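The primary structure of each chain is shown beneath.
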Amino acid sequence: MGLIDRGEASSEELHRAYLDAIADRDPELHSYLRTVDPEPGGSTGGVPVALKDLISTRGVETTAASKILEGYKPVYDATVALRCKDAGLPLLGKTNLDEFAMGSSTENSAYGPTRNPWDPGRVPGGSSGGSTAAVAAGLAPWALGSDTGGSIKQPAALCGVVGLRPTYGTVSRYGIVAFASSLDQIGPIAKTVRDCALLHRIIAGRDPADSTTVELPEPIELPEADDLKGIRLGVPKELNEAEGIEPGVTEAAERTIELARELGAEVGECSLPRSVEYGLPCYYLIAPSEASSNLARYDGVRYGLRVGADDARTMYERTRDAGFGDEPKRRIMLGTYALSAGYYGAYYGQAQKVRTVIRDEHDAAFERFDILVSPTSPTVAFELGARTADPLAMYAADLLTIPSNMAGLPGLSIPCGLSEGLPVGFQLIGRQFSENLLFRAGHALERAIAFDYVPERLR
C-alpha cells in the first residue's frame, strides 16, 4: 500500500508484478488455481487481494477445488468479494484449498496439493492452505480464507503468517460455497496483525443478504499499542498440554507467554476440560451433518459437472461419484447417517447439546480472563502424504482450534518462532466481538517477537 500511496507504483503495476512473481514461483507451490489479469486502464488504486476459491467471483471460475464445480462461473460476487472490489482491491487470483474446505493439509484438492513455502516437501495446512502459502511466499500481499474448524488459524500457523477467524456472524457468508453453515466464517490472512485488521475492517459488518450477520458493536481499529498492560491472559491447561503437542511447539508457546508477562499482561492458568475432550468428536458430527445437507445441491442439473445417463437417478449417482473426492464422500456418508431417522437425536442432537456445554465453559473462563492463549497447531508442518491414509490423524491437526470455533468465538494466530526450522503459531482466543482486543494483543506480541516471516529458502 505504501508504494501506491507514495506514487512509486500504480495499482496496475503492482498487480502485474505479483502476476510475474506467481508465474515464476507458484509452479513449485501451487497456491493458485487461477489468476486474474488487471483490467486495462481500470486501475483501482488499491493493493490486489487473493481469494480462496470457494468465494464466488462474477465471471471468474469458482470450483471449491472440486471436479463437480469445474467450469462453474458465478453470475454474481460474494459479499466479501464485492466489498474488496468496492474498497479498490483488485482480484489477483483464486487460491487452492481442500475440496469444499474439507481437510487440514490442502492435499484433498481435486487439482493437486499446495506446498509449504518454508519446505515444499511439507503441507501448508488447510483448508485455506493456498491463501496462506501465497501470502507466506510473497505471491499475495493479503488474502481471504474460510475457517470452519480451524482452516484459517491452522494453516496460518504452519506457514508463518497472521490469520483471523472472526466472531461468527460478523462477516457475510453470502456467495460462499457452504461446508457447515453454523461454523463457516470468512477471515483475513496477512503478514502482519495490522494488515489483518485493515482487511477485516473492509469485509466485516452486517449484510442484508445474510440473515446470520450482525452489526459490529464497535468499529474495527488498527492496533498501535506495544504493551499488554491491563490484559488478563488465561492459559487453558488442556489446550497447552494436550497429547500430541510437539516439544518445540510447547517451548515456543511458553516463551511467548513469558514475553506476554514482560509486556505487562496478568497471566494465570485456567481449564477447559470438556471443550478439549469433546470438541473434536462434537465437530465431526455437526460439520459432516451440515455438509451432507449443503452438498446435496450438486446433482449435475443446475451447474458444474454432469455425467450423462439414460435416467435422472443414474445421472445423479454418476455425477456425484465422479465429481466428489474421497473426503467429501466420507463426510457426506457420516453426516447422512447422523441425520437419519432413529439416529438424529442420538448423534446430531446430542452434539448440539455438547456444543452448548463448550460455549458455557468458555464463557466461565472469560469471567476471569480477557484472552485465552495456546499453540495454534499441535505440530509444525508435516510431510506431504504423512497423514493422507489416516483420516483420524489428519482430523487431530485441528484439536486446538476446534473448541473455540464450536463456541463461535474469534481467534487470531500469529507466528511466535521456529521449531526445527518451521513456523510455530500462537493462538489468541477472545470473547465474541473482541477482535480489537485480539489485534491489540497480537500486535504488541508481534512487535516484541520480531518474527522474520520470509522463509529462509526465499531470502
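Just above sits the structure.
Residues numbered from 1 in each chain as written. Predicted model: local features only at pLDDT ≥ 70, side-chain atom pairs only at ≥ 80, totals over all residues. Heavy atoms only, no water.

Q: What is the right way to read the overall build of the protein chain from this model?
A: What the protein chain contains, in helices and strands, is 15 helices and 11 strands. Since a compact globule built from 459 residues should have a radius of gyration of about 23 Å, the 21 Å found for the protein chain is in line with a globular shape. For the C-alpha atoms alone, the extent of the protein chain along its principal axes is close to 70 × 60 × 45 Å. Looking at the protein chain as a whole, 60% of its 459 residues qualify as buried. Within the protein chain, residue pairs in contact and separated by at least 24 positions form 75% of the contacts whose partners lie at least 6 positions apart. Averaging the coordinates of the 45 positive side-chain charges in the protein chain and doing the same for the 62 negative ones gives two points 4 Å apart. (Helix = DSSP H or I, 4+ residues; strand = E, 2+ residues; numbered from the N terminus. Rg over C-alpha atoms; globule rule 2.2 N^0.38 Å. Buried < 20%, exposed > 50% of the residue type's maximum accessible area, 1.4 Å probe, protein only. Contact = heavy atoms within 4.5 Å. Lys, Arg positive; Asp, Glu negative; His and termini not counted. Charge placed at Lys NZ, Arg CZ, Asp CG, Glu CD.)

Q: Where do I start with a negative patch on the surface in this structure?
A: A contiguous patch of negative charge, built from Glu-241, Glu-251, Glu-254 and Glu-269, is present on the exposed surface. With respect to the element layout, Glu-254 can be found in helix H8 (residues 247-262). (Patch = residues over 30% accessible without salt bridge, like charges linked within 9 Å, V, L, I, M, F, W, Y side chains within 5 Å. Areas by Shrake-Rupley, 256 points an atom, 1.4 Å probe, with all protein chains shown as cover. Salt bridge = Lys/Arg side-chain N within 4 Å of Asp/Glu carboxyl O.)

Q: Explain the state of the cysteines here, please?
A: Each disulfide consists of one covalent bond between the sulfur atoms belonging to two cysteines. Under the criterion given, the structure shown has zero disulfides. With no disulfide of its own, Cys-84 has Cys-196 as its nearest cysteine by sulfur position, at a separation of 12 Å. Of all cysteine sulfurs, the one in Cys-196 lies closest to Cys-159, which takes part in no disulfide; the gap is 14 Å. (Disulfide = S-S within 2.5 Å.)

Q: Got a minute to help me understand the side chain of Thr-170 in this structure?
A: When you line up the elements, Thr-170 lands in the loop between strand E5 (162-165) and strand E6 (185-190). Ignoring anything within four residues of it in the chain, the contact list for Thr-170 reads Gln-185, His-200, Ala-204, Gly-205, Leu-216, Phe-433 and Glu-435.

Q: Sorry, what's going on with the packing of helix H9 (residues 273-294) against helix H11 (residues 326-339) here?
A: Helix packing geometry: the angle between the two helix axes and the distance between the axes. The N-to-C vectors of H9 and H11 enclose an angle of 100 degrees; their axes lie 7 Å apart at closest approach. In terms of orientation, H9 and H11 fall into the roughly perpendicular class. From H9, Tyr-284, Leu-285, Pro-288, Ser-289 and Ser-292 reach across to H11, where they touch Arg-331, Ile-332, Leu-334, Gly-335, Thr-336, Ala-338 and Leu-339. Counted by class, the contact of H9 with H11 contains seven nonpolar, four polar and one charged residues. (Axes fitted to C-alpha atoms, helices over the stretch in contact; angles between N-to-C directions. Parallel < 35°, antiparallel > 145°, perpendicular 65-115°, else oblique. Nonpolar A, V, L, I, M, F, W, Y, C, P; charged D, E, K, R; others polar.)

Q: Would you mind going over H8 with me for this structure?
A: Side chains of residues three or four places apart in an α-helix project in the same direction, reflecting 3.6 residues per turn. Between the first and last C-alpha of H8 there are 23 Å, a value that for 16 residues agrees with the 22 Å anticipated at 1.5 Å per step. Of the positions making up H8, those classed as buried are Gly-248, Val-249, Ala-252, Ala-253, Thr-256, Ile-257, Leu-259 and Ala-260. Positive backbone phi, at 105 degrees, marks Gly-264, one or two positions downstream of H8. (Expected span 1.5 Å × (residues − 1).)

Q: Would you mind going over the sheet that holds strand E11 (residues 422-430) with me for this structure?
A: Strands pair in a sheet through their backbones, by hydrogen bonds, and they do so in one of two ways: parallel or antiparallel. Taken together, the 11 strands give an open sheet; going across it, the order is E1-E3-E2-E4-E6-E5-E10-E11-E9-E7-E8, and neighbouring strands pair in mixed fashion. Here the strands that pair on one side only, and so sit at the sheet edges, are strand E1 (32-35) and strand E8 (266-270). Strand-to-strand twist of the sheet, defined as the mean angle between neighbouring strand axes without regard to direction, takes the value 25 degrees. When strand E7 (residues 232-236) meets E8, the two strands line up parallel, connected through five bridges. (Pairing = 2+ DSSP bridges.)

Q: Quick question: what am I supposed to make of the environment of Pro-410 here?
A: Secondary-structure assignment places Pro-410 in the loop between helix H14 (402-406) and strand E10 (411-419). Look at Pro-410 and you get buried, because its relative accessible area is 0%. Through-space distance from the C-alpha of Pro-410 to that of Thr-170 is 9.8 Å; in sequence the pair is 240 residues apart. Look past the residues within four positions of Pro-410 in its chain and what remains in contact with it is Arg-165, Pro-166, Thr-167, Leu-428, Ile-429, Gly-430, Arg-431, Gln-432, Phe-433, Ser-434, Glu-435 and Leu-438.

Q: How do you make sense of the pairing of strand E2 (residues 49-52) when you look at a structure like this?
A: For a regular strand, side chains alternate in direction, first toward one face of the sheet and then toward the other. Here E2 shows two buried faces, one formed by Val-49 and Leu-51 and the other by Ala-50 and Lys-52. In the classification by handedness, the crossover that spans E2, the intervening helix H3 (residues 79-86) and the parallel strand E3 (residues 91-95) is right-handed. Relative to strand E4 (residues 142-147), E2 is paired through two bridges, and the arrangement is parallel. Within E4, the position partnered with Leu-51 by the bridge is Leu-144. (Right-handed = clockwise from strand over helix to strand, strands pointing away.)

Q: What is the right way to read H3 from this model?
A: Buried within H3 we find Thr-79, Val-80, Ala-81, Arg-83 and Cys-84. Each element contacted by the buried residues of H3 is listed here: E2, E4, E6 and helix H6 (193-203). Positive phi shows up at Gly-88, right after H3, with a value of about 90 degrees.

Q: Is there a simple way to explain the pattern of salt bridges in this structure?
A: Oppositely charged side chains can pair when the atoms bearing their charge come close. A full pass over the atoms with the stated rule returns 23 salt bridges. Ionic pairing is found between Asp-321 and Lys-329, a salt bridge with its closest N-O pair at 3.1 Å. Taking relative accessible area as the criterion, Lys-329 reaches 25% and is therefore assigned partly exposed.

Q: Can you walk me through the packing of aromatic side chains in this structure?
A: Any aromatic ring pair is given by two values, namely how distant the centres are and how the planes are angled relative to each other. Tallying each qualifying case throughout the model produces 13 aromatic pairs. Between Trp-118 and Phe-451, the ring centres sit 6.0 Å apart and the planes meet at 40 degrees, which makes this aromatic pair tilted. Residue Trp-118 is found in the loop between E3 and helix H4 (129-136), and its partner Phe-451 is found in the segment after helix H15 (435-449); the two are separated by 333 residues along the sequence. As far as burial versus exposure is concerned, Trp-118 and Phe-451 are alike and both buried. (Phe/Tyr/Trp six-rings, centres within 6.5 Å; stacked < 30°, edge-to-face > 60°.)

Q: What am I meant to see in the side chain of Ser-434 here?
A: Mapped onto the elements, Ser-434 comes out in the loop between E11 and H15. For Ser-434, a relative accessible area of 10% puts it in the buried group. There is a polar contact of 2.6 Å between the side chain of Ser-434 and the backbone oxygen of Arg-431. (Polar contact = N/O pair within 3.5 Å; in protein donor to acceptor, adjacent residues only side chain to side chain.)

Q: Please clarify how unusual backbone geometry should be interpreted in this entry.
A: A negative phi angle characterises most non-glycine residues, just as the trans form characterises most peptide bonds. Here the bond from Gly-126 into Ser-127 is cis, since omega is 10 degrees, no more than 30 degrees from zero. Structurally, the position occupied by Ser-127 is in the loop between E3 and H4. With phi around 65 degrees, Ala-101 is a residue other than glycine that occupies positive phi space. Mapped onto the elements of the fold, Ala-101 is located in the loop between E3 and H4.

Q: What's the story with the environment of Met-394 in this structure? I'm lost.
A: Relative to the assigned elements, Met-394 resides in helix H13 (residues 391-395). It is 12 Å that separates the C-alpha atoms of Met-394 and Gly-244, two residues lying 150 residues apart in sequence. Setting aside residues up to four positions removed in sequence, Met-394 forms contacts with Ser-104, Ser-105, Glu-107, Phe-382, Arg-387 and Thr-388.

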